[in-house]
Structures are given as C-alpha cells and as structure tokens.
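# Coordinate inspection notes
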Amino acid sequence: MTKVQVRYALLALLLPLLLNAAHILKDDLLRPEASKLIERMGDELFSKTGINEYVVATNENFPERFNLVAYSKKYEGNVSKPYVMLIFAPNAIITQKSGQKGRVALIPSSDVLRKLYTKSDVMDATIDVVASEDKNTKEDKFNIGIVQGFSELADQIATSKNVKLKTTIPNDTRTIIGYVKILVFIGTFFVLWIFILRPLWIRIKNGKQ
C-alpha cells in the first residue's frame, strides 16, 4: 500500500470520529457512552436554537485562582458563535490551604447568552453527583456530572427559547422540586378551601335557602 493510500485510509477512519466530536473540545475524562449523549444533546440544541454548547473535560492540574476565562480562549479556533462553554476541571485547585480540588466554569460568548440560563442550577447539576457519597467510582461521577451539567444547560437554553429537547436527561433534583411545588399548591388550596372557600360556600348556600 502506497503512502497516499495509507493517508486516505487513516483519514477515512478518523473523519467519523472528528465529525462526531463537534461539541467536545477536550476529552480527558469522558467515556464513549457519555460522549455520545453529549453530542446528541448538542446537535439537537443547535438544530432547534442555533446556539452551540461545548464541553471541555480536562484533568489538568490548574493552580489556585487559575483564570478559566483566559484558558477558554485557546479553543476559540474550534468554536462557532453563539456558544456557551462548560469547563469541567476536577483536578483544579480551589484553595492551596484546604487542598480542595474541582472547578466548573460556564463561559458564554456574549452577555445575551448569559441570561438564557441560571448558572447556579447548572453548577449544582454538575457538582452534586461528584460530591455525593455513593458506590460510584470517581470516574463514573465525573462522567455523570459532566453529562448532567451539559443536559441542564441545554434544557435551560432551550426553555428560554420556548423549545423542548428530546435527548436531554431529566434532572432528578429538578423533578423532586417540581413535585414539591405541586404538593405545596395542593396544600394551599386545601387550606383556602377549609378556612375561606368552604365557609363562604356554606354561607351562600344557606343564604339561598
């Protein structure tokens, strides 16, 4: 086989991989299954809103107070505006004194995009699973956290655009909060019924009689 044929053969093998990694800018942590989920969610979000979502999953050991916004600039040649970039860096040092590690950053390409999501909710979706005490391995938690954070961000952007995504993953915490809101609404209705609406109804009923 000639060198030209070898190059074409390698290109044929690598091209699908390159095309399937449109939303993952750096991958030190993701498993193939997690990567597929991210690509599907990113593709659907872009097709329905025109907004790109990217993830940088890095195991780099960033020092304390490392500027992740400046760090994101190295990927500018690989992104298309408008976009929001999710950076997941579990080995980044939070404080040298405490020895705590793990940082997450959300970097939008404009202030307009920043208003399409609630940063704290996306951060919670990403970090909560990593901080939880369970039988999952550290690597599993990283993958779940990245996928959940990516999904939460995509859902919030889609919702702000009045769009529903089919490939995202329901956030259990958000679902529980939804149920709690329903229960509170039902409880409030019963209180109103017992102390206000029912006496009023009885008064009107007796008045008609």
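Shown above is the structure to which this text applies.
The notes below deal with the structure included here. Since this is a predicted model, take the numbers as computed values, not measurements.

## Some points on the sheet that holds strand β4 (residues 101-108)
The four strands are arranged β1-β2-β3-β4 in an open sheet whose pairing can be described as mixed. Bordering the open sheet on either side are β1 (24-27) and β4, each of which pairs with just one other strand. Across this sheet, the average inter-strand angle for adjacent strands is 10 degrees, counted without regard to direction. In this sheet, β4 lies alongside strand β3 (residues 83-93) in antiparallel orientation, the contact comprising seven bridges. In the strand pairing of β4, phenylalanine 88 is matched with valine 104. Contacts from helix α6 (residues 138-160) reach β2 (52-57), β3 and β4, with the element oriented near 155 degrees to β3.

## A word on a nonpolar patch on the surface
On the surface, Leu192, Ile194, Phe195, Ile196 and Leu197 cluster together into a nonpolar patch covering about 480 Å² of accessible area. Along the polypeptide, leucine 197 turns up in helix α7 (residues 172-208).

## What to know about the packing of aromatic side chains
If you walk through the whole model with that rule in mind, you get six aromatic pairs. Taken together, a centroid distance of 6.0 Å and an interplanar angle of 65 degrees make the contact between phenylalanine 66 and tyrosine 71 edge-to-face. The exposure class assigned to tyrosine 71 is buried, which follows from its relative accessible area of 6%. Where phenylalanine 88 meets phenylalanine 142, the ring centres are 5.7 Å apart and the plane angle is 65 degrees; that geometry is what we call edge-to-face. Separated by 54 residues along the polypeptide, phenylalanine 88 in strand β3 and phenylalanine 142 in helix α6 bring together distant segments of the chain. Note on accessibility: phenylalanine 88 and phenylalanine 142 belong to one class, buried.

Thresholds, definitions, all that
Within every chain, residues take consecutive numbers counted from 1 along the sequence as written. Per-residue local features of the predicted model are confined to residues with pLDDT of at least 70, and side-chain atom pairs are confined, for both listing and counting, to 80 or more; whole-chain, interface and lining totals are unaffected and use all residues. Note that the side-chain values use all heavy atoms of the structure and ignore hydrogens as well as water. Note: two strands are recorded as paired if DSSP finds a minimum of 2 bridges between them. Helix and strand definitions here come from DSSP, where helices need a minimum of 4 consecutive H or I residues and strands a minimum of 2 consecutive E residues; each element is numbered from the N-terminal end. A fitted line through C-alpha atoms serves as each axis, taken over the contacting stretch for helices, and the angle formed by two N-to-C directions is quoted from 0 to 180°. Note on definitions: a residue-residue contact is assigned when non-hydrogen atoms from the two residues lie within 4.5 Å. Only residues whose relative accessible area exceeds 30% and that take part in no salt bridge are eligible for patches, with like-charged residues grouped when within 9 Å of each other and nonpolar side chains (Val, Leu, Ile, Met, Phe, Trp, Tyr) grouped when within 5 Å. Under the convention used here, a 1.4 Å probe and the Shrake-Rupley method define accessible areas, while residue burial counts only the protein chains that appear. Any carboxyl oxygen of Asp or Glu that lies within 4 Å of a side-chain nitrogen of Lys or Arg is treated as forming a salt bridge with it. When the centres of two rings from Phe, Tyr and Trp lie within 6.5 Å, Trp using its six-membered ring, the rings pair. Their planes under 30 degrees apart give stacked, over 60 give edge-to-face, and anything left gives tilted. Buried, partly exposed and exposed residues are distinguished by accessible area as a fraction of the type maximum, computed with a 1.4 Å probe on protein chains only: under 20%, between the cut-offs, and over 50%, respectively.

None of the figures reported here should be taken as evidence of function without further support.
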